[in-house]
Amino acid sequence: MEYRSWSSIRNLKGKDLLWLVDYKPEELWSILDTARIFKERFYAGERVIPVLQGKVLAMIFQKPSTRTRISFEVAMLQLGGHALYLGWRDLQLGRGETIADTARVLSRYVDGIMARVFAQETIVELAKYADVPVINGLSDLVHPVQAISDMFTIWEKKGKLQGLKLVFVGDGSDNVLHSLLLASAKLGVNIAVASPKELRPNKEILRAAEEAAEFSGATIEFYEDPYEAVRGADIVYTDVWVSMGQEEEREKKVKMLEPYRVTVDLMKHAARDAIFMHCLPAHRGEEVVNEVIDGPWSVVWDQAENRLHVQKAILALLLA
Ligand code: CP
Ligand code: NVA
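Residues numbered from 1 in each chain as written. Chains lettered and ligands numbered in written order. Predicted model: local features only at pLDDT ≥ 70, side-chain atom pairs only at ≥ 80, totals over all residues. Heavy atoms only, no water.

Colleague: Can you walk me through the site of ligand 1 in this structure?
Modeller: The environment of ligand 1 is formed by Ser65, Thr66, Arg67, Thr68, Arg116, His143, Gln146, Cys279, Leu280 and Arg307. At 2.7 Å, a side-chain N or O of threonine 68 approaches an oxygen atom of ligand 1. Here leucine 280 contributes a backbone N or O atom positioned 2.8 Å from a nitrogen atom of ligand 1. Computed on the free molecule, ligand 1 has an accessible area of 250 Å², of which 95% lies beneath the protein chains in the complex. Judged by the proximity of its atoms to the pocket grid, ligand 1 belongs to the largest pocket. Split into classes, the residues belonging to the shell around ligand 1 amount to two nonpolar, five polar and three charged. (Near = heavy atom within 4 Å. Polar contact = N/O pair within 3.5 Å; in protein donor to acceptor, adjacent residues only side chain to side chain. Areas by Shrake-Rupley, 256 points an atom, 1.4 Å probe, with all protein chains shown as cover. 1 Å grid on protein atoms, 1.4 Å probe; cavity = no way out; pocket = protein on both sides within 12 Å on 5 of 7 lines; lining within 4 Å. Sits in = over half its atoms within 2 Å of the grid points. Nonpolar A, V, L, I, M, F, W, Y, C, P; charged D, E, K, R; others polar.)

So, in structure tokens, the structure goes:
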């Protein structure tokens, strides 16, 4: 019963999760704290905590997914609710029904919408016309649930967030990086980006991250040399060089990013107890070598698991 009061205590009920820009550090901490409780209870054998009994989450996918789809679906089941997988082309959306009309209709049936879309504008439009919370499950611009979950993994592995150094190596315009910039800046994690200077973050996202960093005291730095960037790194993070929807740029990006592969040698230049993170799916041999992703630094499987616990917290706080 105590769970029923979470949302009112933490005041997230009904809120969308589209960018992270509008989330205060204490709201992010309430998600992390709640996720910790869910994870502890899960390992104590309490798999089902029915705070969302009878509630339904619509999950719209314009692009493929393994982790996001499965972790949200299992999360709803373990919260006593139900999730509907809706492929973009199986909906009338695929035949031209507007996003606004789809949002209005879905709001009459379900208690929340999670969507993975190509353009960020699509999710903003969905949220504008939906009467239920809308959660971004990745767009071309951001991947907020991934970044919140990654903060949880870092907190779990390092026992703190404030003052740590996270170094993202690779595509400096990556959607996951954009969300890591925002989440790190809000929670006091120092972030450094090692990328070619042609691939730097979206200016609006960077400005929002810099504003948040002023409050938390976090630093945001850019490097072209990955070895210089990873000096003293507590976390080395990478993502694919070619994101979904960018297939035409493959040749150009691979050529540009070749010096940014995370290798054993690069990891040896980070802090002695550095961890390696990747949102997955990985293109082994491209952005990271097998010896790192399968090596002693890697926490990628725990990182993937934590999507489940953190998204249960997000769903419970927004939808309960
Ligand atoms: N990391 C992540 O969102 O993975 P999927 O594309 O498999 O959902
Ligand atoms: N940057 C990647 C992340 C996948 C989870 C993509 O958008 O394809």
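We are not done yet, so read on.
Colleague: Mind showing me how you'd approach the packing of aromatic side chains here?
Modeller: Aromatic ring pairs are defined here through the distance separating the ring centres and the angle between the ring planes. Overall, the coordinates contain five aromatic pairs when judged by the stated rule. Site record: aromatic cluster; members linked through ring pairs are Trp29, Phe152 and Trp155. Sitting over the face of the ring of tyrosine 23, lysine 15 holds its NZ or CZ atom 4.5 Å from the ring centroid. (Phe/Tyr/Trp six-rings, centres within 6.5 Å; stacked < 30°, edge-to-face > 60°. Lys NZ or Arg CZ within 6 Å of the ring centre and 35° of its normal.)

Colleague: I would appreciate a short explanation of helix α8 (residues 203-216) in the present structure.
Modeller: Turn by turn, an α-helix covers 3.6 residues, leaving residues three or four places apart pointing in a common direction. Here α8 is 14 residues long and its end C-alpha atoms lie 20 Å apart, about the 20 Å a rise of 1.5 Å per residue gives. When α8 is considered as a whole, its buried residues turn out to be Ile205, Leu206, Ala208, Ala209, Ala212, Ala213 and Ser216. Seen end-on, α8 carries its buried residues on one side only, within an arc spanning 160°. Opposite its buried face, α8 presents the exposed residues Lys203, Glu204, Glu211, Glu214 and Phe215, each directed more than 90 degrees away. Taken together, the buried residues of α8 touch α7 (175-187) and β7 (220-223). Among the residues of α8, the N-terminal cap falls to asparagine 202, whose side-chain oxygen and the backbone nitrogen of glutamate 204 are separated by 2.9 Å. Of the residues one or two after α8, glycine 217 is the one with positive phi, at around 90°. (Helix = DSSP H or I, 4+ residues; strand = E, 2+ residues; numbered from the N terminus. Expected span 1.5 Å × (residues − 1). Buried < 20%, exposed > 50% of the residue type's maximum accessible area, 1.4 Å probe, protein only. Arc of directions from axis to C-beta. Contact = heavy atoms within 4.5 Å.)

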